[in-house]
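These are the residues of each chain, in order.
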Amino acid sequence: MTDIPINLAVEDTLSEAVLKEMLKQSQRPFSIGTCLNRGGYGYLKRILPGLNHAAQGMTYLVLTDLDTAECPLAIISEWLTQPKHPNLLFRVAVREVEAWLLAHREAFAEFLGISVTLIPNNVDEIPDPKQLLINLARKSKKRNLRDAIVPAVNSTAKIGKDYNGQLIQFVQHNWQVESAQVNSPSLQRAMNAVISFEPTWEI
C-alpha cells in the first residue's frame, strides 16, 4: 500500500498531537511531513489561501477551533475566497479541540480521577470546553495534574504550567477516537474525512 504524504497545520501543540493520533488510529498509511504551528488561529487564517494553492501538488490537513464563530461553514467561507482544493482537508473542532478530548468521557474521567457524570454527553454543545476542562481538573484528586493543568493562584495565565504537556500525554496513551466520536459530531465528521480521503494528483 502506497503511503499518503500529508502536511499538518494547527493552532498549537495539543491540536498537533490530536491530528497525529487521528491519522495513526485511522489505520491508513499516512506519512506526515511538515507541521505548521506558529500559535493561534490568526496564523492559520493567513496561510490557508497559500496552502489551498499548494494543495495542487501536496496534501494538507488543517485543524482550527470554532471558538465563538457561528458554524464551521462560516469560518471556511471567511478564510477561503477560492474554491477549496480536494487535497486540502480543513476541519473545525466544535468549539475547541479540548471538547474532542472530553468526548472520550470514560478515559478522561479516569485520567483526572473524577466521576464520568461530570462530563456532558454531547461535548460539541459545551460553550467553553477549555474552561470546563480546567474546572474538572480542579476536582482531581491527583495533585500533579491539578498543579499542571489549573492556573496557579493569583496568576494571570489562563492555563496551568504544563497544561499542553499533560493533555498530550492523555492523547497519546489513553484517547481513542472510536469512543470519543460517539459524543462529538464534529470529531466524527473529521475522522470520516480522514478515513475516506483520497488525494487527487494533477498530471
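Structure: above.
Residues numbered from 1 in each chain as written. Predicted model: local features only at pLDDT ≥ 70, side-chain atom pairs only at ≥ 80, totals over all residues. Heavy atoms only, no water.

(A) Up close: the overall build of the protein chain. Counting its secondary structure elements, the protein chain contains ten helices and four strands. The helix and strand sequence of the protein chain, counted from the amino end, reads β-α-β-α-β-α-β-α-α-α-α-α-α-α. The C-alpha radius of gyration of the protein chain comes to 17 Å, within 12% of the 17 Å expected for a compact globule of 203 residues. If you line up the protein chain on its principal axes, its C-alpha atoms span 60 × 35 × 25 Å. In the protein chain, which comprises 203 residues, the share counted as buried stands at 49%. When contacts within the protein chain are restricted to residue pairs at least 6 apart in sequence, long-range pairs at least 24 apart make up 72% of them. Roughly 10,400 Å² of accessible area belongs to the protein chain as shown, and the carbon and sulfur atoms make up 50% of that amount. (Helix = DSSP H or I, 4+ residues; strand = E, 2+ residues; numbered from the N terminus. Rg over C-alpha atoms; globule rule 2.2 N^0.38 Å. Buried < 20%, exposed > 50% of the residue type's maximum accessible area, 1.4 Å probe, protein only. Contact = heavy atoms within 4.5 Å. Areas by Shrake-Rupley, 256 points an atom, 1.4 Å probe, with all protein chains shown as cover.)

(B) Region of the structure containing the nonpolar core. With 51 residues, the main nonpolar core has Met22, Trp100, Phe108, Leu112, Ile149, Leu167 and Trp175 as its most contacted residues. Examining the composition of this core, we find that six residues originate from one element, helix α1 (residues 13–25), more than from any other. Excluding residues that lie within four positions of it along the chain, Trp175 makes contacts with Val18, Glu21, Met22, Gln25, Trp100, Leu101, His104, Phe170, Ala180 and Leu187. Core analysis: the next-biggest nonpolar cluster, separate from the first, contains 18 residues, Ala9, Leu44, Ile75 and Val92 among them. (Core = buried A, V, L, I, M, F, W, Y, C linked by side-chain atoms within 4.5 Å.)

(C) Looking closely at the side chain of Gln181. Along the chain, Gln181 falls in the loop between α9 (177–180) and α10 (185–196). On the basis of relative accessibility, which here comes to 17%, the residue Gln181 falls in the buried class. Aside from chain neighbours lying at most four places away, what touches Gln181 is Leu187, Gln188 and Met191.

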